[in-house]
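Single-letter residue listing:
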Amino acid sequence: MDNCLFCKIVKGEIPSTKVYEDNEILAFKDINPAAPVHILVIPKKHIASLIDMQKEDEILVGKIYTVINKIAEEQGVKENGFRVIVNCGRDAGQEVMHLHFHLIAGTKLGEKIV
Ligand code: AMP
Ligand code: ZN
């Protein structure tokens, strides 16, 4: 998608601090962290939001959770725990219309974080 911020990050047109990459998935630090660890995990393929996920994306989304676990371990937050948030649509406050999973950790998390 030409006008999508996260597609531009995938293509390297906008810089990001990458923490994980494979041929289908990219993870990078959130530019405005809500906690000491705040990483966004995204499919490289453009999917606008969770509601746009198709049956064919089930394996990809499963892999994203495996990657989240791997990053949590690497970031040293596996033991204390972490939160995964997916904002979907307007009422949830989704700002970037490219499916992304917030991995948030590193402190005791309050009720509302992103
Ligand atoms: P959401 O509100 O769920 O759509 O979250 C979008 C997230 O993207 C926010 O937490 C932003 O801080 C983050 N964000 C926006 N632009 C960038 C960027 N260029 N690099 C990294 N994170 C970004
Ligand atoms: Zn996109």
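As shown above, the structure is provided for reference.
Keep in mind the model is a prediction, meaning the values are calculated, not measured. (Residues numbered from 1 in each chain as written. Chains lettered and ligands numbered in written order. Predicted model: local features only at pLDDT ≥ 70, side-chain atom pairs only at ≥ 80, totals over all residues. Heavy atoms only, no water.)

**Q** Teacher, can you tell me more about the site of ligand 1 here?
**A** With respect to spatial proximity, 16 residues lie near ligand 1, and among them Asp30, Asn87, Glu95, His100 and His102 are the closest. The separation between an oxygen atom of ligand 1 and a polar main-chain atom of Gly93 is 3.1 Å. For ligand 1, whose unbound accessible area comes to 510 Å², protein coverage reaches 85%. Sort the elements by how many residues they give to the shell around ligand 1 and helix α1 (residues 5-11) lands first, with 3 residues. In terms of residue class, the shell around ligand 1 is built from 7 nonpolar, 6 polar and 3 charged. (Near = heavy atom within 4 Å. Polar contact = N/O pair within 3.5 Å; in protein donor to acceptor, adjacent residues only side chain to side chain. Areas by Shrake-Rupley, 256 points an atom, 1.4 Å probe, with all protein chains shown as cover. Helix = DSSP H or I, 4+ residues; strand = E, 2+ residues; numbered from the N terminus. Nonpolar A, V, L, I, M, F, W, Y, C, P; charged D, E, K, R; others polar.)

**Q** Sorry if this is basic, but what is going on with the packing of aromatic side chains here?
**A** Aromatic ring pairs: the centre-centre distance and the angle between the two ring planes describe each pair. For the coordinates displayed, the defined rule picks out 2 aromatic pairs. Ring plane angle 80 degrees and centroid distance 5.3 Å describe the contact between Phe6 and Phe28, whose orientation is recorded as edge-to-face. Residue Phe6 is found in helix α1, and its partner Phe28 is found in strand β2 (residues 25-29); the two are separated by 22 residues along the sequence. No difference in accessibility class separates Phe6 from Phe28, as the two residues are buried. Taken together, a centroid distance of 5.5 Å and an interplanar angle of 80 degrees make the contact between Tyr65 and Phe101 edge-to-face. Of this pair, Tyr65 sits in helix α2 (residues 58-74) while Phe101 sits in strand β5 (residues 101-105), and the two are 36 residues apart along the sequence. (Phe/Tyr/Trp six-rings, centres within 6.5 Å; stacked < 30°, edge-to-face > 60°. Buried < 20%, exposed > 50% of the residue type's maximum accessible area, 1.4 Å probe, protein only.)

**Q** Would you mind showing me how to read the coordination of the zinc ion (ligand 2) here?
**A** Around a metal, the ideal angle is 109.5 degrees if four donors adopt a tetrahedral arrangement and 90 or 180 degrees if six donors adopt an octahedral arrangement. The coordination sphere of the zinc ion (ligand 2) contains the protein donors Cys4 (SG), Cys7 (SG), His46 (ND1) and His98 (ND1), at a distance range of 2.0 to 2.3 Å. When the donors of the zinc ion (ligand 2) are listed by position in the chain, the intervening gaps give C-x2-C-x38-H-x51-H. In this pair, Cys7 is assigned in helix α1 and His98 in the loop between β4 (82-85) and β5, connecting sequence segments 91 residues apart. (Donors = N, O, S within 2.8 Å, 3.2 Å for Na, K, Ca; no water.)

**Q** Is there a simple way to think about the sheet that holds strand β1 (residues 18-21) in this case?
**A** Either a parallel or an antiparallel arrangement is found when strands of a sheet pair, and the pairing is made through backbone hydrogen bonds. Read from one edge of the open sheet, 5 strands run β1-β2-β3-β5-β4, paired in antiparallel fashion. Each edge of the open sheet carries a strand with a single partner, namely β1 and β4. If you compare each strand with its neighbour and ignore which way they point, the axes differ by 20 degrees on average. One ladder, built from 5 bridges, connects strand β3 (residues 37-43) with β5; its direction is antiparallel. The partner of Val37 across the bridge, within β5, is Ala105. Against the sheet, α2 engages β1, β2, β3, β4 and β5, with an angle of about 155 degrees to β3. (Pairing = 2+ DSSP bridges. Axes fitted to C-alpha atoms, helices over the stretch in contact; angles between N-to-C directions. Contact = heavy atoms within 4.5 Å.)

**Q** Got a minute to help me understand the state of the cysteines in this structure?
**A** Disulfides are covalent bonds that link the sulfur atoms of two cysteine residues. Tallied over the entire structure, the rule returns 0 disulfides. Not engaged in a disulfide, the cysteine Cys88 finds its nearest cysteine sulfur in Cys4; these two sulfurs lie 15 Å apart. (Disulfide = S-S within 2.5 Å.)

**Q** Hey, could you run me through α2 in this one?
**A** Because an α-helix completes one turn every 3.6 residues, residues spaced three or four positions apart along the sequence face the same direction. The first and last C-alpha atoms of α2 sit 25 Å apart over 17 residues, in line with the 24 Å expected at 1.5 Å per residue. Considering only its buried residues, α2 is in contact with β1, β2, β3, β4 and β5. Following α2 by one or two positions, Gly76 has its phi on the positive side, about 75 degrees. (Expected span 1.5 Å × (residues − 1).)

**Q** What exactly am I supposed to notice about the pairing of β1 here?
**A** Side-chain direction in a regular strand flips from residue to residue, so the side chains alternate between the two faces of the sheet. Sheet analysis places β1 next to β2, joined by 3 bridges and oriented antiparallel. Residue pairing for β2: Glu21 is matched across the bridge by Leu26. Two successive antiparallel strands, β1 and β2, enclose a turn made up of 3 residues.

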